[in-house]
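Residue-level structure breakdown
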Amino acid sequence: MKLIATTVVRGSQPGESHGGAYLIDLERRTVDRPIDWSNLEIDWRGHGGGRGLRGIACDGQRVYIAASDRLFAYGPDFKPVDSWRNPYLKNCHEIALYERTLFLTSTAFDCILAFDLQERRFARGFHIQTSNYRFKASAFDPCGDDGPLELNKLHINSVACNRHGMYIGGLSTGGMLHFNGQTVSMAAELPAGSHNARPFRNGVLFNDNDAGRLRYSGRDDGKEDRAMAPPHYDPQNLLSADAEDERIARQGFLRGLCTLSDTVVAGGSSPATISLHDLAANERIGSVNLSRDLRAAIHGLAVWPYK
């Protein structure tokens, strides 16, 4: 089995690599880096800014990878096929594929954008807002002029979809929201700082950065709840561990999550590491390190469906 992962190098400077895409062969324990991201159009404001590559989704013979403000399409050989921009796409974190539609988080605009893979265009937008302590979603045309303002109130950082609806997470949402096409409700309250929240089995799977654990929390009596930690490295063995690097990045920051089966999941952490966790045993069963640079963090993570 192979995984594909993207990384962001926080605090990188012009002329340096800002991250890339990696293919990880779990059986052979080999790592390839088919994409080294060094776009000159990068937004240098903030810790992450426009640096690095983000969410990943595979559909047919296309690999879709989001950057901060652009969606890219590649072939399985990583040859570029096409790319798309939208004025309401900025600081994208994650993307999700459902029924030939890609859903992209646009963190800066507090919205989810829907990209139609058949028509290859941004077809819909959903602005997530709070009103009287309740959440609501307002539809808008992402190709029009009446979309949301760039406010970043909720810091939406995750999206997942299934036949029951859309699940949305953010640093200021208080948990994982559920959007059924008409109303938005709280599906699961989560700790502050959570990333990659998604429904899984009879509960929710997410990265809990406050506790430094990948968690599964069920809707039963709690007997199946799990909390698993990433590897910890000796700071002296890290490539970048000075005071400035530690101000903008920290070891053990959790981001990136995918499921391999009903019991095995993969999660990302910094410095760029992918760990496999066995939910049944409640333990980490292996890990692969891509970089010892403290600033390098996993962002997107998915199962590679091609040979």
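Residues numbered from 1 in each chain as written. Predicted model: local features only at pLDDT ≥ 70, side-chain atom pairs only at ≥ 80, totals over all residues. Heavy atoms only, no water.

What about the pattern of salt bridges?
All chains considered together, the criterion is met by eight salt bridges. With a closest N to O distance of 2.9 Å, Glu-150 and Lys-90 form a salt bridge. Of this pair, Glu-150 sits in the loop between β12 (134–140) and β13 (156–162) while Lys-90 sits in the loop between β7 (80–85) and β8 (92–98), and the two are 60 residues apart along the sequence. For Glu-150, a relative accessible area of 44% translates into the label partly exposed. The salt bridge involving Glu-119 is made with Arg-121; its shortest N-O contact spans 2.5 Å. Classification of Glu-119 by relative accessible area gives partly exposed; the value is 47%. (Salt bridge = Lys/Arg side-chain N within 4 Å of Asp/Glu carboxyl O. Helix = DSSP H or I, 4+ residues; strand = E, 2+ residues; numbered from the N terminus. Buried < 20%, exposed > 50% of the residue type's maximum accessible area, 1.4 Å probe, protein only.)

What about the nonpolar core?
Core analysis: the biggest nonpolar cluster contains 20 residues, and Leu-102, Leu-104 and Phe-115 have the highest contact counts within it. Those elements that place two or more of their residues in this core are β5 (62–66), β6 (70–74), β8, β9 (101–106) and β10 (111–116). Counting residues per element, this core draws most heavily on β10, at three residues. Excluding its chain neighbours within four sequence positions, the residues that come into contact with Phe-115 are Leu-71, Trp-84, Arg-100, Thr-101, Leu-102, Leu-104, Arg-120, Arg-121 and Phe-122. Within the second largest apolar cluster, 17 residues are counted, among which are Ala-96, Phe-135, Val-159 and Cys-161. (Core = buried A, V, L, I, M, F, W, Y, C linked by side-chain atoms within 4.5 Å. Contact = heavy atoms within 4.5 Å.)

Quick look at the packing of aromatic side chains
Counted under the stated rule, the structure contains 12 aromatic pairs. An angle of 50° between the planes, with centres 6.4 Å apart, marks the rings of Tyr-74 and Phe-78 as tilted. A residue is classified by how much of its surface remains accessible, and Tyr-74, at 6% relative accessible area, is buried. We classify Phe-78 as buried; its relative accessible area is 10%. One aromatic cluster is present, formed by Trp-37, Phe-72, Tyr-74, Phe-78, Trp-304 and Tyr-306 through successive ring pairs. Looking at Arg-201, its charged tip hangs above the ring of Tyr-216, at a distance of 4.8 Å from the centre. (Phe/Tyr/Trp six-rings, centres within 6.5 Å; stacked < 30°, edge-to-face > 60°. Lys NZ or Arg CZ within 6 Å of the ring centre and 35° of its normal.)

From the geometry alone we can't say anything about function, so treat these as descriptive.
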